[in-house]
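Residue-level listing of the chains:
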Amino acid sequence: MSLLKIDDLKCHYMTDVNTVRAVDGISFEIEDGEILGIVGESGSGKTTVALGIMGLLPENTAISGEILYRGELISSLPESGMDRFRWKDIAIVFQNGLEVMNPVMKVGVQVTEPMKRHLDLSPDKARSKCADLFRTVGLDPKWMDLYPHQLSGGMRQRVLLAMALSCDPKLLILDEVTSALDAFTRKEIRDLLVDLQKKNGYTMLMISHDITFVSSVASRLVVMYSGRVVESGPVRDILVSPRHPYTRGLVHSTPDIFVYKDLWGIPGDVPAGDGFKGCPFSPRCTQKIDICTKASPVLMPAGGGREIACHRGGIAGLLEAKNLNFSYRLPDGEYLRAVDNVSLEVREGEVLAVVGQTGSGKSTLAHILANVIRPECGEVLFMDGDV
Ligand code: SF4
């Protein structure tokens, strides 16, 4: 049984003017000891998922679907029932320590509060455990007696982490924990999380728009777009070979991962409003077909532990050349081999560059691909049709 199971979760914010489908039917599971990353741009619904798991969504949210923790349905629990799971089973670290912490309470006191309330620890024992937690997250216990504004952003983030760990939770949710930090502190927090996971085997749900950060820690990725999961699978496979057009845009817009930076990024915006039909990525997709604007694609298994939601099964092939050969007949009757067993593939939305010195056969290849000259052997397929 998985530690956490989300099944067809929908969280719609009902406002006076419209309904915002922040999360619109997502499903995924987290196994014990696993680090799962959820990535996607701002507004994709990642934080709403975290708040939904914690039972912290605002009252104007219409929630359907199921959230199961160790097989127990927690999404329909009343506040008192959910409080039993918070801190001791599931804890969350939010992104902005200055907003989350009480500005007039010393940080050490704030870390001891959950321990006194949920573990029944005496003030002395809670303070002693707080000192241990400070050491665990790389802080000197002397900082316990400072106020949040007296600490740096990185230190506040460590305090929030200490607070989340205070009741020994099984599942730790980290929501954009490094987004406000500089690159150096981000690396420190990353190393700390990896270390904590190795030593204590925490199960983590890491939520961020920063695919570089998440993929350096998580083993599996869920890619969200406009409240839905568009792709999921092992981190390495997704980074090396993204299958959904949105995931490819995300990966190719990240120079740390894809060194040949795609200067175009992902043109267009996430659809706004509640009346959108079809695939939410269709306004930005270079390979959409008729059905894409009419019906929403379902997340389907795609082999190798991967899932993709796309009517075309993911990034589609556009042009394929197989084993092309071409020779020019010279005036003396000899033959010059210009293209020698060349194969290539260009997929929808891709830019493929063919380079080589003069006389290497580039132009001849282009003429074959454009069907200006016919190859001696081999074939050229355009959108799966022989040309
Ligand atoms: S091909 Fe259609 S379903 Fe697939 S991502 Fe593009 S718009 Fe969405």
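Treat the numbers as computed from the prediction; the structure is a model and nothing was measured.

J.: Please explain the sheet that holds strand β12 (residues 307-308) as it appears in this structure.
T.: Read across the open sheet, the eight strands follow the order β6-β7-β8-β3-β9-β10-β12-β11; overall the sheet is mixed. Lying at the two open borders of the sheet, with one neighbouring strand each, are β6 (90-93) and β11 (300-301). Pairing of strand β9 (residues 220-225) with strand β10 (residues 228-234) involves six bridges; the strand directions are antiparallel. Counted as the bridge partner of M224 is V229 from β10. Strands β6 and β7 (171-175) of the sheet are contacted by helix α6 (residues 153-165), whose axis makes an angle of about 175° with β6.

J.: What am I meant to see in α6 here?
T.: Working note: α-helix, 3.6 residues per turn, so residues spaced by three or four point in the same direction. Given a rise of 1.5 Å per residue, 13 residues ought to cover 18 Å, and the 18 Å separating the end C-alpha atoms of α6 matches this to within 8%. Most of α6 is tucked away: 12 of the 13 residues are buried. The set of residues buried in α6 consists of G154, M155, R156, Q157, R158, V159, L160, L161, A162, M163, A164 and L165. In this fold, the buried residues of α6 make contact with β6, α3 (97-100), α4 (107-118), α5 (123-136), β7 and α7 (183-200).

J.: Sorry if this is basic, but what is going on with the domain arrangement of the protein chain here?
T.: Reports of interface size often rely on the accessible area that becomes lost once the parts have come together. Domain annotation for the protein chain reports domain 1 (4-89 + 169-224) and domain 2 (317-386). The centre of domain 1, based on its C-alpha atoms, is set 49 Å off from the matching centre of domain 2.

J.: I keep staring at the sheet that holds strand β16 (residues 385-386) and nothing clicks. Help me out?
T.: Sheet strands associate in pairs through backbone hydrogen bonding, adopting either a parallel or an antiparallel arrangement. Taking strand neighbours across the sheet as the criterion, the four strands line up as β14-β13-β15-β16 in an open arrangement whose pairing is antiparallel. Each of the sheet's edge strands pairs with one partner strand only, and the pair in question is β14 (335-347) and β16. Where strand β13 (residues 317-329) meets β14, 10 bridges bridge the pair, whose relative direction is antiparallel. If you follow L324 over to β14, its bridge partner there is V342.

J.: Just to check I follow, could you spell out the site of the ligand for this structure?
T.: The environment of the ligand is formed by H244, P245, C279, S282, C285, Q287, K288, C292, P297, C310, H311 and R312. In terms of residue class, the shell around the ligand is built from six nonpolar, four polar and two charged.

J.: Where do I start with the pairing of strand β15 (residues 377-382) in this structure?
T.: Pairing of β13 with β15, which is carried by five bridges, proceeds in the antiparallel orientation. Bridge pairing links A321 to V380 in β15. Pairing analysis gives two bridges linking β15 to β16, with the strands arranged antiparallel. Looking at the pairing, F382 lines up with G385 of β16.

J.: Would you mind going over the pattern of salt bridges with me for this structure?
T.: A side chain of one charge can pair with a side chain of the opposite charge when the charged atoms of the two come close. Counting across every chain of the model gives 24 salt bridges. Residue E34 is joined to R220 by a salt bridge in which the shortest nitrogen-to-oxygen separation is 2.6 Å. Placement of the pair is E34 in the loop between β2 (19-30) and β3 (35-39) and R220 in strand β9, with a sequence separation of 186 residues. Residue classification places E34 among the buried residues on the basis of a relative accessible area of 11%. Accessibility expressed as a relative area gives 22% for R220, which makes it partly exposed. Two residues, E72 and R84, come together in a salt bridge whose shortest N-O distance is 3.2 Å.

J.: Help me understand the packing of α4 against α6, please; the structure alone is not making it clear to me.
T.: A pair of packed helices can be characterised by two numbers: the angle between their axes and the separation between those axes. For the pair α4 and α6, the least separation of the axes is 8 Å and the interaxial angle reads 20°. On the basis of their axis angle, the class for α4 and α6 is roughly parallel. As for how α4 packs across α6, the hand of that crossing is right-handed. On α6, the residues that touch V107, Q110, V111 and P114 of α4 are V159, A162 and M163. Broken down by class, the residue content of the contact of α4 with α6 amounts to six nonpolar, one polar and no charged.

J.: Before we go on, may I ask you to explain the environment of G227 in this structure?
T.: Among the secondary structure elements, G227 is positioned in the loop between β9 and β10. Given a relative accessible area of 0%, G227 falls into the buried group. Along the chain, G227 and C167 lie 60 residues apart, while their C-alpha atoms are 31 Å from each other. When residues no more than four places from it in sequence are discounted, the contact partners of G227 are R21, A22, V23, D24, G25, I26 and S44.

J.: Would you take a moment to explain a negative patch on the surface for this structure?
T.: A contiguous patch of negative charge, built from D7, D8, E29, E31 and E66, is present on the exposed surface. Relative to the elements of secondary structure, E31 occurs in the loop between β2 and β3.

J.: I would appreciate a short explanation of the packing of aromatic side chains in the present structure.
T.: Geometrically, a pair of aromatic rings is defined through the distance of the ring centres and the angle of the planes. Within this structure, the stated rule accounts for five aromatic pairs. For the pair Y69 and F85, a centre-to-centre distance of 5.7 Å together with 75° between the ring planes defines the contact as edge-to-face. Of this pair, Y69 sits in strand β4 (residues 61-69) while F85 sits in the loop between α2 (79-83) and β6, and the two are 16 residues apart along the sequence. Taken individually, Y69 and F85 each receive the classification buried, so the pair is uniform in this respect.

J.: I'm lost on the pairing of β2 in this one. Help?
T.: Along any regular strand the residues' side chains alternate between the sheet's two faces. Judged from the nine bridges that link them, strand β1 (residues 4-14) and β2 form a sheet pairing that is antiparallel. The partner of Y13 across the bridge, within β2, is V20. Adjacent in sequence and paired antiparallel, β1 and β2 are bridged by four residues.

Scoring rules and cut-offs
- Residues numbered from 1 in each chain as written.
- Predicted model: local features only at pLDDT ≥ 70, side-chain atom pairs only at ≥ 80, totals over all residues.
- Heavy atoms only, no water.
- Pairing = 2+ DSSP bridges.
- Helix = DSSP H or I, 4+ residues; strand = E, 2+ residues; numbered from the N terminus.
- Contact = heavy atoms within 4.5 Å.
- Axes fitted to C-alpha atoms, helices over the stretch in contact; angles between N-to-C directions.
- Expected span 1.5 Å × (residues − 1).
- Buried < 20%, exposed > 50% of the residue type's maximum accessible area, 1.4 Å probe, protein only.
- Domains from an automatic or database assignment.
- Near = heavy atom within 4 Å.
- Nonpolar A, V, L, I, M, F, W, Y, C, P; charged D, E, K, R; others polar.
- Salt bridge = Lys/Arg side-chain N within 4 Å of Asp/Glu carboxyl O.
- Parallel < 35°, antiparallel > 145°, perpendicular 65-115°, else oblique.
- Left-handed = near helix turned anticlockwise from the far one by under 90°.
- Patch = residues over 30% accessible without salt bridge, like charges linked within 9 Å, V, L, I, M, F, W, Y side chains within 5 Å.
- Areas by Shrake-Rupley, 256 points an atom, 1.4 Å probe, with all protein chains shown as cover.
- Lys, Arg positive; Asp, Glu negative; His and termini not counted.
- Charge placed at Lys NZ, Arg CZ, Asp CG, Glu CD.
- Phe/Tyr/Trp six-rings, centres within 6.5 Å; stacked < 30°, edge-to-face > 60°.

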